[in-house]
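Coordinate analysis (summary)
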Amino acid sequence: ETLLFTRVSKSTQALPVSIEDWEKQAREILPDGPFDYIAGGSGAEETLAENRRAFSRWAIVPRMMRDVTNRTSAITMFGRKLSAPIFLAPVGMQSIAHRDAELATARAAAAAGVPFVASTVSSTSLEQIAEAMGAAERWFQLYWSNDREVSASMVKRAEAAGYSAIVLTVDTVMLGWKRRDFRNGYSPLREGRGLANYITDPVFCSRLAEVTPENAVEEVLKNIYHPALNWSDIGFLREHTRLPILVKGLLHPDDARLALEHGVDGIIVSNHGGRQMDGAISTLDALPAIAEVVAGSIPVLLDSGVRTGADVVKAIALGANAVLIGRPFLYGLAVAGEQGVSSVLDTLLHEFDVAMALSGSRSVEDLNRSILVRLP
Ligand code: FNR
């Protein structure tokens, strides 16, 4: 009742209560270019839609009479205690959504005790983000650079700035084919919005005769897509960091096997929110086979399409240790800055707690396949 009461009184402040509502408001506020860049997917957007459909193909069959008075949504990952199995996914160039950009997101994440994964192509530097987060948990997402000394340099900086894991994104060897962006003639990277980590990087800057925004954009575009990326690059990364290394963007169980063979510390099952390979399998459909290969030996996280507390329950019951959300927090950011991100997180954390209790679980470890059925 207390929860209901506080939420009802909060709702009178007219903040949206669902991701759909946040998205609608963001649609009204943002110009077409940025909105479509955020909301859109690649190709015919089949994977984008499939990511959501996959969640509705599973139903929770809740258990009753299990005394769920004392519950916890806390988990431990890489030896660190986290308040919930929920992360903010790496999202670059957040200044397209709101002028406070990553700093607003970082503050909201820190206040909610939700780890934030900062992107290589952030619109504020990784050091500024770290400063905004104090001692709160943060990871750094790496786009492998064609010049691998630049990657090594960024990883060193992340380590020095208190990031506790490196997430190597592996599904962007080329940019996905984004029709909406063609239609709008929109490219935030070309606009120079993702430069902060590059123009503050000594190795990157040493490669330029003169550091101007134009030169930097050209150099980033040369660096960021790396078709030669392969498993041997993990070895180079390992030589340059003591932090756990996760690979983000795996969908095939054989790739999960290779990840284990190459000593990767964690896997993020992701199709980049349907923004890269259109026609790719949804992440929820890809998860069980990967979880089976990994068999609990390293953490498996999932993103792409997570929108509600029940979605989090389903992903965990199918073998994920945690989930990440992308677009949902960006809509909050676009509409209300830091307060918007806080509100989106607050809603999701509460929804997850309620979903856990109503499904008859006292802890994240309690959630398993026995409470799910796959619908025909
Ligand atoms: C992303 N994503 C992403 N991933 C990454 O590794 N580095 C990045 O810089 C970005 N940038 C980015 C920008 C925008 C606007 C979006 C929407 C997404 C992908 C992101 O980390 C995540 O995989 C998806 O957003 C998850 O799907 P949902 O939650 O958006 O459905």
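Residues numbered from 1 in each chain as written. Predicted model: local features only at pLDDT ≥ 70, side-chain atom pairs only at ≥ 80, totals over all residues.

**Describing the overall build of the protein chain**
Rule in force here: Helix and strand definitions here come from DSSP, where helices need a minimum of 4 consecutive H or I residues and strands a minimum of 2 consecutive E residues; each element is numbered from the N-terminal end. Once C-beta atoms are placed from the backbone, each residue is buried if 20 or more other C-beta atoms lie within 10 Å of its own, exposed if 12 or fewer, and partly exposed for counts between those two. By definition, residue pairs are in contact when their C-beta atoms, positioned from the backbone, come within 7 Å.
A count of helices and strands for the protein chain gives 16 helices and 12 strands. Its C-alpha atoms put the protein chain at 70 × 50 × 40 Å along the principal axes. Looking at the protein chain as a whole, 49% of its 376 residues qualify as buried. If you take every contact in the protein chain between residues at least 6 apart in sequence, the share linking residues at least 24 apart comes to 71%.

**With respect to helix α16 (residues 327-358)**
To keep it simple, the criterion reads: Multiplying one less than the number of residues by 1.5 Å gives the expected span of a helix. Bend, at a single residue, is the angle you get between axes fitted to the 7 residues ending at that residue and the 7 residues starting at it.
Its 32 residues place the ends of α16 only 26 Å apart at the C-alpha level, less than the 46 Å of an ideal helix rising 1.5 Å per residue. Of all the bends in α16, the largest measures some 145° and sits at Ala336. The buried fraction of α16 is high, at 23 of 32 residues. Phi turns positive, to about 90°, at Gly360, one or two residues after α16.

**Remarks on the confidence of the model for the protein chain**
As a reminder, the rule being used: Each residue gets a pLDDT score, which is the predictor's confidence in that residue and runs from 0 to 100.
Mean pLDDT over the protein chain: 96, with 97% of residues reaching 70 or higher. Scoring the predicted complex yields pTM 0.97 and, for the interface, ipTM 1.00.

**Here's the deal with the environment of Asp147**
Inspection of the secondary structure puts Asp147 in the loop between β6 (138-142) and α7 (148-160). For Asp147, a count of 16 C-beta atoms within 10 Å gives the class partly exposed. The spacing of Asp147 and Val203 is 56 residues in sequence and 9.4 Å in space, taken between C-alpha atoms. Each residue touching Asp147, except ones within four places of it in the same chain, is listed here: Arg207 and Asn223.

**Things to note about unusual backbone geometry**
Peptide bonds are, in most cases, trans, and in most cases residues other than glycine have a negative phi. Its identity is not glycine, yet Phe78 carries a phi of approximately 50°, on the positive side. With respect to the secondary-structure elements, Phe78 resides in the loop between β2 (75-77) and β3 (80-82). For Ala295, which is not glycine, the phi torsion reads 45° and is therefore positive. Along the polypeptide, Ala295 turns up in the loop between α14 (283-294) and β10 (300-302).

**Digging into the pairing of strand β11 (residues 322-325)**
Inclusion rule: We call two strands paired when DSSP finds no fewer than two bridges between them. Classification remark: right-handed applies to a crossover when, strands pointing away from the viewer, the course from the first strand over the helix to the second runs clockwise.
Residues Ala322 and Leu324 point to one face of β11 and Val323 and Ile325 to the other, with burial holding for every one of them. Inspection of the sheet shows strand β4 (residues 86-88) paired to β11 by 3 bridges, in the parallel sense. Note that in β11 the partner of Leu88 across the bridge is Ile325. The parallel pair β10 and β11, bridged by helix α15 (residues 309-317), forms a crossover whose chirality is right-handed.

**Details of the environment of Thr308**
In this structure, Thr308 sits in the loop between β10 and α15. For Thr308, a count of 17 C-beta atoms within 10 Å translates into the label partly exposed. Each C-alpha atom of the pair Thr308 and Glu351 lies 6.8 Å from the other, and the pair is 43 residues apart in sequence.

**As for the nonpolar core**
Convention followed: To count as a nonpolar core, a set of buried Ala, Val, Leu, Ile, Met, Phe, Trp, Tyr and Cys residues must be joined through C-beta atoms within 7 Å.
Among the nonpolar cores identified, the biggest contains 106 residues, and Ile267 and Val323 are the most heavily contacted of them. Residues within four places of Val323 in sequence aside, it is in contact with Pro85, Ile86, Leu301, Leu302, Asp303, Val306, Val312 and Ala315.

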